[in-house]
Amino acid sequence: MSRIGEEHGPLMDLGTDRPQVPAKARNASPIVPRGSIAGRALVAVVAIMTFLASITTGAVLLISASASEWQSEVASEITIQVKPQGGRDLDRDTQAVTDAIRGQPGIVEVQPYSREQSAQLLEPWLGTGLSLDELPVPRVIIARVAPGTALDIVGLRKRVTQAVPSASVDDHRAWVERMRSMTSATVLAGLGILALVIIATIISVSFATRGAMAANRPIVEVLHFVGAGDRYIANRFFRHFLRLGLQGGIIGGGAAMLMFGFSESIASWFSGTPVGDQFAALLGTFSLRSSGYLAVAGQALLIAGITAWASRRTLFSTLNDIE
């Protein structure tokens, strides 16, 4: 026994002292393997979830911006319709209504449509080459309202009906309310999709964490029983899954940003064509503002944080089972 002690040196109690191991050696074999198949699959899942969430957020922002433009354009105009009546001159009634509108405070421009222009409005439905002489086609007058002006609609209607009893005023309020309802429903649907994406991300990360814990359970148990605290082990997993979440978030968010930038380029290429005009009328210029790109980037970071948080919560529950 003495020879063995002389060969290996005297035994000493380390107590709470920890052996001094170089940092490179400590990081050579991490608790959670960085290049595992589960880690790569989780990066792909987070990237897909981030991409879907970013596309949803961008689409909601585009629709909201387009709806705001529609509402401002529609609310800035008032349509007056002068119906023909027997024994009355339609041209004279149109001119009388035009003069009555011009005297109303807040009206900056009045444009009465001629007979030919009124007929052109019906061409998309009735076609060209039709004689509208026998049809009671009403005249349309467009009045533009000054921005920020609270127009007296009741007084305007009274003034118009006093000039011509067959005239009617439409301030498009019902259409604006419908657009607001549609926009609110779209925003709520987008928030619902985002909630589902976040829930799916949390579930995926929880299963990935449990899989990593199951694969490394002997190592975790040894570390746990030799005195390694839960926070020490949890921090290792937290950094690992935060790194995976950031990788997936950058990939998914970057792909979404490239898609929106590419869509904006395509919209500019088709600008002036019938297809481009239809898309512009539906979704505006298809251009995502800088605030939208910042929202997509912040969302990618949020999903990365949720990934790390979900792994930490799952890890602590697993460590409690080990105890």
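Computed from a predicted structure; not experimentally measured. (Residues numbered from 1 in each chain as written. Predicted model: local features only at pLDDT ≥ 70, side-chain atom pairs only at ≥ 80, totals over all residues. Heavy atoms only, no water.)

1. A look at helix H4 (residues 90–102)
Look at H4: 18 Å from first C-alpha to last across 13 residues, which is about the 18 Å you get at 1.5 Å a residue. Within H4, the full set of buried residues consists of Leu-90, Asp-93, Thr-94, Val-97, Thr-98, Ala-100 and Ile-101. The buried residues of H4 occupy an angular sector of 165° when projected down its axis, which confines them to one face. Looking at the buried side of H4, the elements it contacts are strand S1 (77–82), strand S2 (107–112), strand S3 (139–145), helix H6 (153–163) and strand S4 (167–170). (Helix = DSSP H or I, 4+ residues; strand = E, 2+ residues; numbered from the N terminus. Expected span 1.5 Å × (residues − 1). Buried < 20%, exposed > 50% of the residue type's maximum accessible area, 1.4 Å probe, protein only. Arc of directions from axis to C-beta. Contact = heavy atoms within 4.5 Å.)

2. Considering the pattern of salt bridges
Opposite charge on two side chains permits pairing when their charged atoms draw close. Tallying each qualifying case throughout the model produces four salt bridges. Notably, a salt bridge pairs Arg-144 with Glu-77, separated by 2.6 Å at the nearest N-O pair. One end of the pair, Arg-144, is in strand S3; the other, Glu-77, is in strand S1, with 67 residues separating them in the sequence. Given the relative accessible area of 34%, Arg-144 is considered partly exposed. The salt bridge involving Arg-139 is made with Asp-91; its shortest N-O contact spans 2.6 Å. Here Asp-91 lies in helix H4 and Arg-139 lies in strand S3, a separation of 48 residues in the sequence. Three or more residues joined by partner-sharing salt bridges are found here, namely Glu-77, Glu-109 and Arg-144. (Salt bridge = Lys/Arg side-chain N within 4 Å of Asp/Glu carboxyl O.)

3. A few points about the side chain of Arg-139
You can call Arg-139 buried: its relative accessible area is 10%. A polar side-chain atom of Arg-139 sits 2.6 Å from a polar atom in the side chain of Asp-91. Apart from residues lying up to four places away in sequence, Arg-139 is in contact with Ile-80, Gln-81, Val-82, Leu-90, Asp-91, Thr-94, Tyr-113, Ser-114, Arg-115 and Ser-118. (Polar contact = N/O pair within 3.5 Å; in protein donor to acceptor, adjacent residues only side chain to side chain.)

4. A look at the confidence of the model for the protein
Looking at the protein, pLDDT values average 75 and 78% of them are 70 or higher. Within the protein, S3 carries the highest mean pLDDT (85), whereas helix H1 (residues 2–8) carries the lowest (44). Per-residue pLDDT stays below 50 along residues 1–19; that stretch engages in two contacts with residues further than four places along the chain or on separate chains. Across residues 23–28, where pLDDT falls below 50, the model places one contact with residues more than four positions away in sequence or in other chains. (pLDDT = per-residue confidence, 0-100.)

5. A few points about the sheet that holds S3
Strand order in the open sheet formed by four strands is S2-S3-S1-S4, and the pairing between neighbours is antiparallel. At either end of the open sheet lies a strand with only one pairing partner, and these are S2 and S4. Each neighbouring strand pair of the sheet contributes to a mean axis angle of 20°, computed without reference to strand direction. In terms of strand pairing, S1 meets S4 through four bridges, oriented antiparallel. Following the sheet pairing, Thr-79 is matched in S4 by Asp-170. H4 contacts S1, S2, S3 and S4 of the sheet and is inclined by roughly 10° relative to S3. Along the sheet face, H6 touches S1 and S4 and points at about 160° away from the line of S4. (Pairing = 2+ DSSP bridges. Axes fitted to C-alpha atoms, helices over the stretch in contact; angles between N-to-C directions.)

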